[in-house]
Structure formats: structure tokens, C-alpha cells
Amino acid sequence: MRVLVVEDETGLAQGLRRGLEAEGFAVDTAASGVDGLWLAREHSYAVILLDIMLPGLNGIGVCAALRAERNWTPILMLTARDGIGDQVDGLDTGADDYLTKPFSFDVLLARMRALIRRGAGERPTVLVAGDIRLDPASRRVWRGETFVDVTAREFAVLEFLIRRAGQTVSKRDILNNVWDFDFEGDPNIVEVYIRHLRNKLDRPFNRAAIETLRGAGYRLADDGG
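Residues numbered from 1 in each chain as written. Predicted model: local features only at pLDDT ≥ 70, side-chain atom pairs only at ≥ 80, totals over all residues. Heavy atoms only, no water.

A. How the structure looks around the overall build of the protein chain. Along its length, the protein chain carries 8 helices and 12 strands. Dimensions of the protein chain, computed from C-alpha atoms along their principal axes, come out at roughly 60 × 40 × 30 Å. Carbon and sulfur atoms provide 48% of the accessible area of the protein chain, an area that totals close to 11400 Å². Separation between the mean location of the 29 positive side-chain charges and that of the 34 negative ones in the protein chain comes to 5 Å. (Helix = DSSP H or I, 4+ residues; strand = E, 2+ residues; numbered from the N terminus. Areas by Shrake-Rupley, 256 points an atom, 1.4 Å probe, with all protein chains shown as cover. Lys, Arg positive; Asp, Glu negative; His and termini not counted. Charge placed at Lys NZ, Arg CZ, Asp CG, Glu CD.)

Okay, here's the thing in C-alpha cells:
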């Protein structure tokens, strides 16, 4: 399997190359974000090891560009120990995992193997059902080009529905995933929040995205209704 290492610390990049080649991987390296992005666009990789602090274009920019192009190659970010904000930004931009420097090579291999097993399936950072868009990172929702203001709980219910667009989910499924497992309040609270979402996402636009299936639960139409 071919791996791309995008790292501007020469010693670390060469050490990773030697270690990975000893494990049977074919390895390409790039010392800048611009070169790394070019290689990732030109070749197919099982996984990309991507440093955040890079000259020319940082790792966040590389990751964002690849995900915007629907390139879903698994990305393992390499971050500074105190780079908590970078780690959050990387994951929100579409990275799959991160390691803080210095790291154990064995842990790196284990993380890589986990990402390779997961594969390059689509993992969009913005969730879409027709013209409904939901951004988990910014906690924002749109219907078409119109921003829709929702509360935190409304957002959580909608995120659960949109991740399962086209599927029927029961009231209990929503309670277990949006509220606590030990929630002992009125289960009809789900109906209240579904009504709130319809009043914000459907009725003002003369649409019907959220369906009620009597006795079964709810379904968000995958085409936005």
C-alpha cells in the first residue's frame, strides 16, 4: 500500500519513510503543503500522514482542499503537543484522526491500520439532504441559501435525522441518541422538537421533509422533501 507523508521536518520525514518501508509500505514524501496537495491529487494513497505546520499551505488547508474536491483518502494529522486548536480545526475540516508529537511509531502504525480498514468512504464535513445543509462544526443549518436559526437541541435532533436520511427512526432511537439513555421525562418531548423543526425548516418553505410514519417513527426525506 502507498502512503503519503507530508512533513517539513527532514529527520522525522525520513525516519517515517524508513520505518514504513520496513513495514512493507511504499512511501512518497512532500516537504510543503503545496507539494503534498499536488501529490494527493495526482496519486491514490491508502492513507495520508499530514503535518499541520507546513510552509506554503498548512495541513488544515491541504485537508480542506481535498475534502472540498471529494477526495476521501484517510488523513492522520500530526500536531504539536500544545496544538489543541489545530487538532479541533483538523478534525472539523475532515481529518480522520491525529497524533501529537512526539509519538510512538507503533501507535502510528496502529492508527494507520485502523484508518486503512475504514477505507476511503465518503465522510462529508457538511451533511446534506436535498437543499437542507447542516454543518456540525459551526452548528449552522440552511434551507437552500437561507440560514435557519435552531436551538442546540433542535440541531441535535436534526443532525440525528439527517445522518439517517431516508431511514425510519423511532421516537426511542431519537431519545437514546439525543437525550440521555436514562431519560425519564415525557417521551412526547420528541414530538415537540419535531414540530419546532417543521415550523422552521418545512412550513416557511412550503416543504415537507420530516415525515411521520404512524406507529413507526419519523423519516427525513433524503431529497429534502
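Next comes the rest of the write-up.
B. Just the domain arrangement of the protein chain, in detail. Examined at the domain level, the protein chain breaks down into domain 1 (2–120) and domain 2 (127–220). Between the C-alpha centres of domain 1 and domain 2 there is a distance of 35 Å. (Domains from an automatic or database assignment.)

C. Structural view of the nonpolar core. Residues V141, V157, L161, I174, W179 and L220 are the most contacted members of the largest nonpolar core, which totals 27 residues. When contributions to this core are tallied by element, the ones reaching two or more residues are β6 (127–129), β7 (132–135), α6 (152–163), α7 (171–178), α8 (189–202) and β12 (217–220). Looking at this core element by element, the count peaks at 6 residues for α6. Setting aside anything within four residues of it in sequence, one finds W179 in contact with R153, V157, I174, I189, V190 and Y193. Judged by nonpolar contacts, the second largest core, of 19 residues, contains Y45, I52, V62 and C63. (Core = buried A, V, L, I, M, F, W, Y, C linked by side-chain atoms within 4.5 Å. Buried < 20%, exposed > 50% of the residue type's maximum accessible area, 1.4 Å probe, protein only. Contact = heavy atoms within 4.5 Å.)

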